[in-house]
Amino acid sequence: MTFKTLDDLDAGQRVLVRLDLNSPVEDGEVQDNRRFDRHATTVQELADRGDRVVLMAHQGRPGGDDFVSLEQHADILAGHIGMDVKFVADTYGDEAIEAIRGLEAGEVLLLENTRMLDEELPEEDPEVKAETEFVQTLSQEFDAYVNDAYSAAHRKHASLVGFPLVLPSYAGRVMESEYEANSSIATQEFEGDVTMVVGGTKATDVIGVMNALDEKVDQFLLGGIAGELFLRAAGHEVGYDVGGMDLFDDQWEANEDLIRSILDEKGDQIVLATDLAYEDDNDERAEVPVANITEKDTGYLDVGSDTVATYTPYIHDSEAVFVKGALGLFEDERFAVGTVGVLEAIAETDCFSVVGGGDTSRAIEMYGMSEDDFSHVSIAGGAYIRAMTGESLPAVELLQSN
Ligand SMILES: Nc1ncnc2c1ncn2[C@@H]1O[C@H](COP(=O)(O)OP(=O)(O)OP(=O)(O)O)[C@@H](O)[C@H]1O
Ligand SMILES: O=C(O)[C@H](O)COP(=O)(O)O
């Protein structure tokens, strides 16, 4: 590892810190999760040293239901570090600058969701991002930039790749530990079978990397949105947006060709759900074998119990298991059977295991499992999976060349 860390940064400075507090949002309420807990370590350390600590983070993507202000994040983070975290609903305008200049040594301020700025998105070269008004204006207020957002390091957004070109830059504690764990995964050789459990909602992200990982992974156990899209390609009447959903059809169009070619060329590595679960007329969980589904009129929210029974032996016989994405809507207890079943099967073995994904890893705590039963529980989603494929993470590279 070649980047500078907090050990190399003198105390008592004005420090701009990029965190990844991107969190699940339910009915407008931001859900506490381990990203807060992990980042609290870095924030606390800087505050304790007497730095003026200003935090940047993003939440959701424009247009999404989870694209909300960071006001609630400030309160949640404050609970984890046991001190006040101020919040300003601005990022680099007059209000933000005034709040930054008003900070005392050891105080912490969180700025508004960076994705509310046009200049944060889209992804562009660091040189372009460094020239934005956002980076040019905000950087004037600081002595140093700390990137702790390993889990967002695959995005070439201004808050991630612009600042390292204009401020002395350092890795935070989360950046350090995630980088170390996730890079070791890419470099390890396993003698026995390697299994990857693929699910979640970001099918477009995970399907592409399945392709890249086929040499490294013996079998992919599928669930979530990607799982249904593969079933759709295999000729089943599932994986369609029904009743106002917006999860399947766009991702199908974007990935249809790739899914079909993976199924054609690597079909023997792909294990698909044999049954699916949905909410019946009595609001209860009901299961149906995939083979019996003849109408595309139902939204499926989990894989079924038979699927868990099918997947379990693959896990028990593996030397390493990587999980990316939940197999169902586990936040609702009725639809946690797939995700919890697979995680419990992993916990029963002493295989090398990594659970990634900000959302998915939450299931471990939610359903009374212990992080100790897994080799590493990453708080990274897309960055984690890219690290597995050996793809570089632009924001990490910039820290390394700083
Ligand atoms: N069939 C389904 N219908 C609706 N939601 C689903 C379904 N299957 C999985 N999910 C949802 O997928 C989410 C996790 O997927 P996501 O793609 O966000 O992955 P992650 O790796 O955990 O997170 P991230 O990439 O954000 O770090 C869970 O919150 C779960 O509710
Ligand atoms: O939650 C994540 O994985 C990161 O914050 C990146 O989020 P994004 O996929 O919306 O860029």
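Residues numbered from 1 in each chain as written. Chains lettered and ligands numbered in written order. Predicted model: local features only at pLDDT ≥ 70, side-chain atom pairs only at ≥ 80, totals over all residues. Heavy atoms only, no water.

Undergrad: Can you lay out the domain arrangement of the protein chain for me, pointing to particular residues and giving the numbers?
TA: Taken domain by domain, the protein chain comprises domain 1 (6–177 + 394–401) and domain 2 (183–369). Measuring from the centre of the C-alpha atoms in domain 1 to the corresponding centre in domain 2 gives 32 Å. Opposite the nine residues of domain 1 that make contact, domain 2 presents nine residues. A buried area of about 660 Å², summed over both sides, lies between domain 1 and domain 2, and 38% of it is on carbon and sulfur atoms. Where domain 1 meets domain 2, there are two salt bridges. A salt bridge links Asp-205 to Arg-155; the shortest N-O distance between them is 3.8 Å. Our count for the domain 1 to domain 2 interface comes out at two residue pairs in polar contact (both at pLDDT 80 or more). Each residue belonging to the side of domain 1 that touches domain 2 can be placed in one class, and the counts come to one nonpolar, two polar and six charged. (Domains from an automatic or database assignment. Contact = heavy atoms within 4.5 Å. Buried area = accessible area lost by both parts, 1.4 Å probe. Salt bridge = Lys/Arg side-chain N within 4 Å of Asp/Glu carboxyl O. Polar contact = N/O pair within 3.5 Å; in protein donor to acceptor, adjacent residues only side chain to side chain. Nonpolar A, V, L, I, M, F, W, Y, C, P; charged D, E, K, R; others polar.)

Undergrad: With reference to specific residues and values, describe the site of ligand 2.
TA: Asp-20, Asn-22, Arg-35, His-58, Arg-61, Arg-115, Ser-151 and Arg-155 make up every residue found near ligand 2. Arg-115 places a side-chain nitrogen or oxygen 2.7 Å from an oxygen atom of ligand 2. One of the side-chain nitrogen or oxygen atoms of Arg-155 is found 2.6 Å away from an oxygen atom of ligand 2. Here ligand 2 has 310 Å² of accessible area as a free molecule, and 95% of this is covered by the chains. Tallied by class, residues from the shell around ligand 2 come to no nonpolar, three polar and five charged. (Near = heavy atom within 4 Å. Areas by Shrake-Rupley, 256 points an atom, 1.4 Å probe, with all protein chains shown as cover.)

Undergrad: Quick rundown of the pattern of salt bridges? Include the residues and the values.
TA: Within this structure, the stated rule accounts for 26 salt bridges. Asp-214 is the partner of Lys-266 in a salt bridge, and the nearest nitrogen-oxygen pair spans 3.5 Å. With a gap of 52 residues between them, Lys-266 in helix α10 (residues 249–266) and Asp-214 in the loop between α8 (203–212) and β10 (219–222) connect regions that are remote in the sequence. Given a relative accessible area of 13%, Lys-266 falls into the buried group. Notably, a salt bridge pairs Asp-302 with Arg-285, separated by 2.8 Å at the nearest N-O pair. Residue Asp-302 is located in strand β14 (residues 302–303), and its partner Arg-285 is located in strand β13 (residues 285–289); the two are separated by 17 residues in the primary sequence. (Helix = DSSP H or I, 4+ residues; strand = E, 2+ residues; numbered from the N terminus. Buried < 20%, exposed > 50% of the residue type's maximum accessible area, 1.4 Å probe, protein only.)

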